[in-house]
Amino acid sequence: MRGALGGPRVLLRRLREVMAEPVSAQERLDKIVVLIAANMVAEVCSVYVLRIDNTLELYATEGLKREAVHQTVMSRDEGLVGLVASEAKPINLSDAQNHPAFSFRPETGEEIYHAFLGVPILRAGNTLGVLVVQNTARRTYTEEEEEALQTTAMVVAEMIASGELSSLARPGAEPAIRHTQQLTGAILSDGIALGHVVLHEPRVVITNVIADDVPKELKRLESAIATLRADLDRLVEHGDGIEGGEHRDVLEAYRMFGYDQGWLHKMREAVMTGLTAEAGVERVQSDTRARMLRASDPYLRDRLHDLDDLANRLMRVVMGQDHAPSRDQLPENAILVARSMGPAALLDYDRKRLRGLVLEEGGPNSHVSIVARALGIPAVGEIPNAAGLVEQGDAIIVDGTAGHVHLRPPPDIESAYVERVKLRARRQAQYHALRDRPCITRDGHKIDLMINAGLVIDLPHIEETGASGIGLFRTELQFMVSPSLPRTGEQLSLYRAVLDAAGKRPVTFRTLDIGGDKVLPYLHKVEEENPALGWRAIRLGLDRPGLLRSQIRAMLRAAGGRVLRVMFPMIAMVEEFDKARELVEMELTHLRRHGYALPERVEVGTMVEVPSLLFQLDELLERVDFLSVGSNDLMQFLYAADRGNSRVAGRFDAISAPVLRALRDIAVRGRKHGKPVALCGEMASQPIGALALAIIGYRAMSLSPSAVGPVKALLLDLDVRKGEDAILPLLDKPVGSVSIRGHLEKFATAEGLQL
Ligand code: PEP
Ligand code: MG
């Protein structure tokens, strides 16, 4: 068996010369296949390029019939070439014709070839095409040859990615790299934005793939690895994160990989074949990304993500770029694309230029989504490989109303969206005109519309929306976006700012709701089997009262001379409420003793979000000053369906008899006890949800600021009495016999209410 002539380094040197020649794209490709075939002593070398119609087209060949070039087109799942493309893995066979996936194309004349080696042409883990060598003899290509062909494929990947080959394509059959794509994900924040991609973690653009001097490149790689390790050691030891507070366990995973011999060995090998240090890192990273995209085990996928991040860091060290580019130099109309992002990182960007956000991860209840909503930035999440599919500066549309993302949109889609943006602006102007009108239904019911808030950036929303107060101030957000535990003084000044901004309007402060999915990066994370059902919120607060007491103290001091409303999250038993209320009394006594100005009045209430409270409502209502239903968690626990899991998100309907019966019961009992009951979950932010709530007796709701306009417009047109007549009897019919949602929709249409 013969090996490669002159080895991969000679091949790469020759390829570099070909890349520099002033020839056409086709001539360059033709020369490349000849060079590869000669170097690897193969009779055939062919390049197949993946097209936007998901087919693979033969772009160049040495050995197969020349007439087949640009004529042979296969579907992505056809034959061995298709298998290489879809699995993004090399296939190395001594007798290809015996392989079940082998498919014979007479026009290429390939029936006489037995040995087959195909490798994917990858960039950022995406398959751009396939590079193949073939021999008539039944030979097995060595591991080194496989490695060399993969290295060579990087050069072809650069040619495809640069757009050089697009000139060879027929319209509608261009290489897939730059094509229009419509992707669907999860809605994180409502709204529509048109703009250009800014990668949150920009990929380092490699311009130099082929090494001049291999020992020098090896040295560059080694020294970058040493720097990376030293950085990670320091970060883990100091326990603090960089770039928005990474978790200690993530840093520890990074450190483990940073010392992983297998990973390092692969990069060294790639450089030894003749790549520059940065191209060596990219080669291995591209394989990792390809595996990551195909991994179905979430644990494995997370680890591959970590490894991908680490490769990014290493790449920056190799290229001498210590940090990601500055966040305050955004272009106009920037749409951020990231794998994942913390809330603090999002707040670092210049709000005036930021138009939208696209994430690979991140459910609607993730912290970054909460901040995106507070900032009014349309956002879509759960778009697999989003960051790998785009290039810096690509045109992009984020449709946070439908959960769509359009990459490199065609002109007709773009102009349709421009129209929709104009329409939305007109509608916003109409909502704005309602701002100062009290929210009173057609038949005279006053409904309090308040907003949900949690950050200083939310405060202008009170004035903008004309809301009657803050019905839920999520105090944990300050803790979540802060790099370290906020001191009592910092809490105090935030609460004071909130009360100042609200003026005479009431503010309901919810005490810390952490634990579960709300993790603070600087606090030790307790590993739990079921965090949503675990040691969280008030449970943590009562067991370790130091933090809760200092928070209550900050609230009491901030409200000196004013009314303070405090609310506890995740109360499951009346006894917990009693204990929590006792803490408020203790802090009041403490402040009184030290001569602080006390609030004019303190009202203490609780969220209703654990179903056990539904069966102790009378006892609870005797104790509290008010209740606020957290429909997000209440739904999650009533239906036993994780609120952050998109697989079960659409399975259960909040606008259905079981939920509405429970909610009605809370409102009815609240009235009986003379205690105000509001609802502050997302249900109230949807017009159909608000309609249902008004009909079953809710007279106070707390909404996302952007929902105030549409909900108010609907309620102003509503005749509650008619709604009660149409809907309430249906709630008492057997469950499943009628669709409450369907009847509400019909009612809205008949009454001319805009859902
Ligand atoms: C809820 O559970 O409905 C709620 C308002 O609280 P959060 O979304 O912060 O858990
Ligand atoms: Mg909740």
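A quick note: this is a predicted structure, and the numbers were derived from the prediction, not measured.

**Observations regarding the coordination of the magnesium ion (ligand 2)**
Donor atoms from the polypeptide that coordinate the magnesium ion (ligand 2) comprise Glu609 (OE) and Asp633 (OD), at 2.1 to 2.2 Å from the metal. One end of the pair, Glu609, is in the loop between β19 (601–608) and α20 (617–623); the other, Asp633, is in helix α21 (residues 631–638), with 24 residues separating them in the sequence. Given a relative accessible area of 2%, Asp633 falls into the buried group.

**Overview of unusual backbone geometry**
You will see that His70, though not glycine, has its phi angle at about 65 degrees, which is positive. Mapped onto the elements of the fold, His70 is located in the loop between β2 (55–62) and β3 (73–75). Here His70 falls in the buried class, since its relative accessible area comes to 16%. Of note in the backbone geometry, Ala640 takes a positive phi value of approximately 50 degrees without being a glycine. Topologically, Ala640 is positioned in the loop between α21 and α22 (646–649).

**Some thoughts on the domain arrangement of the chain**
Taken as a whole, the chain is organised into domain 1 (8–178), domain 2 (185–201 + 332–425), domain 3 (214–319) and domain 4 (434–751). Between the C-alpha centres of domain 3 and domain 4 there is a distance of 44 Å.

**What to know about the pairing of β2**
With 7 of 8 residues buried, β2 lies mostly within the body of the structure. The turn linking strand β1 (residues 44–50) back onto β2 is made up of 4 residues, and Asn54 within it adopts a positive phi angle of 65 degrees. Across 3 bridges, β2 lies against β3 in antiparallel orientation. Residue pairing for β3: Thr55 is matched across the bridge by Ser75.

**Here we look at the site of ligand 1**
Near ligand 1 you find 14 residues, and of these Arg474, Arg510, Gly630, Asn632 and Arg643 are the closest. Here an oxygen atom of ligand 1 sits 2.7 Å away from a polar atom, N or O, in the main chain of Asn632. For ligand 1, an oxygen atom lies 3.0 Å from a polar atom in the side chain of Asp633. At the level of elements, β16 (470–474) and α21 are the ones that each hand at least two residues to the shell around ligand 1. For the shell around ligand 1, the leading source of residues is α21, giving 3 residues. Of the residues belonging to the shell around ligand 1, the class tally is 3 nonpolar, 4 polar and 7 charged.

**Some words on the nonpolar core**
Within the largest apolar cluster, 118 residues are counted, with the highest numbers of intra-cluster contacts made by Leu663 and Tyr698. Shared between two domains, this core takes at least three residues from each, and those domains are domain 2 (185–201 + 332–425) and domain 4 (434–751). With residues near it in sequence (within four places) discarded, Tyr698 still touches Ile447, Val629, Leu663, Ile666, Ala667, Val677, Ala678, Leu679 and Leu693. Among the nonpolar cores identified, the runner-up in size contains 67 residues, and Leu11, Leu12, Leu128 and Ala153 belong to it.

**Describing the environment of Leu307**
Here Leu307 is to be found in helix α9 (residues 298–318). Considering only alpha carbons, one finds Leu307 and Gly63, 244 residues apart in sequence, at a separation of 39 Å.

Basis of the calculations
Residues numbered from 1 in each chain as written. Chains lettered and ligands numbered in written order. Predicted model: local features only at pLDDT ≥ 70, side-chain atom pairs only at ≥ 80, totals over all residues. Heavy atoms only, no water. Donors = N, O, S within 2.8 Å, 3.2 Å for Na, K, Ca; no water. Helix = DSSP H or I, 4+ residues; strand = E, 2+ residues; numbered from the N terminus. Buried < 20%, exposed > 50% of the residue type's maximum accessible area, 1.4 Å probe, protein only. Domains from an automatic or database assignment. Pairing = 2+ DSSP bridges. Near = heavy atom within 4 Å. Polar contact = N/O pair within 3.5 Å; in protein donor to acceptor, adjacent residues only side chain to side chain. Nonpolar A, V, L, I, M, F, W, Y, C, P; charged D, E, K, R; others polar. Core = buried A, V, L, I, M, F, W, Y, C linked by side-chain atoms within 4.5 Å. Contact = heavy atoms within 4.5 Å.

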